[in-house]
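For reference, the chains in residue letters:
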Amino acid sequence: MEKYTVKIVTPKEWERLIESNPRYQHAEDSVGFADPETRTGYVMNTGVHHLNRYLLSHEFEHLVEAHATDEDEFGVRHKKFFKQILDPILKVASIAAAPATGGLSLLYSPVSD
């Protein structure tokens, strides 16, 4: 049986990961990617438990899928639109949550640069 790993990493760990391997450069604007060559997937921590669970599952599916989808020229599987969709939603959510969090939610922007 083959072993696969999907890891949740902090935004700082994500930056180091992207910079550490030229094959990952195109995944910079994503919040997750799967590398079938190393049998490892990575998800940037969004700060939203259910979203992290979804992303973990999604990247695992990319690792085990029989026919590659969303694969770049380096064989890394990812979609850039996650960040483009999630970033505005999470920004709005942090603004909406501001009264309940005493404004603290405005300090945390999990997907933004």
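Described below are features of the structure shown in this document. (Residues numbered from 1 in each chain as written. Predicted model: local features only at pLDDT ≥ 70, side-chain atom pairs only at ≥ 80, totals over all residues. Heavy atoms only, no water.)

## Describing the environment of Trp14
Inspection of the secondary structure assignment puts Trp14 in helix α1 (residues 11-20). Taking the relative accessible area as the measure of exposure, Trp14 reaches 3% and is therefore buried. Considering only alpha carbons, one finds Trp14 and Val43, 29 residues apart in sequence, at a separation of 8.2 Å. Excluding anything up to four places from it in sequence, Trp14 contacts Val9, Ala27, Glu28, Ser30, Val31, Gly32, Phe33, Tyr42, Val43 and Met44. (Helix = DSSP H or I, 4+ residues; strand = E, 2+ residues; numbered from the N terminus. Buried < 20%, exposed > 50% of the residue type's maximum accessible area, 1.4 Å probe, protein only. Contact = heavy atoms within 4.5 Å.)

## Comments concerning the packing of aromatic side chains
Evaluation of the coordinates by the stated rule reveals five aromatic pairs. For the pair Phe33 and Tyr42, a centre-to-centre distance of 5.2 Å together with 40° between the ring planes defines the contact as tilted. Of the residues examined, Phe33 reaches a relative accessible area of 0% and is grouped as buried. The buried category is assigned to Tyr42, whose relative accessible area is 12%. Here a set of aromatic residues connected by ring pairs shows up, and it is made of Trp14, Tyr24, Phe33 and Tyr42. (Phe/Tyr/Trp six-rings, centres within 6.5 Å; stacked < 30°, edge-to-face > 60°.)

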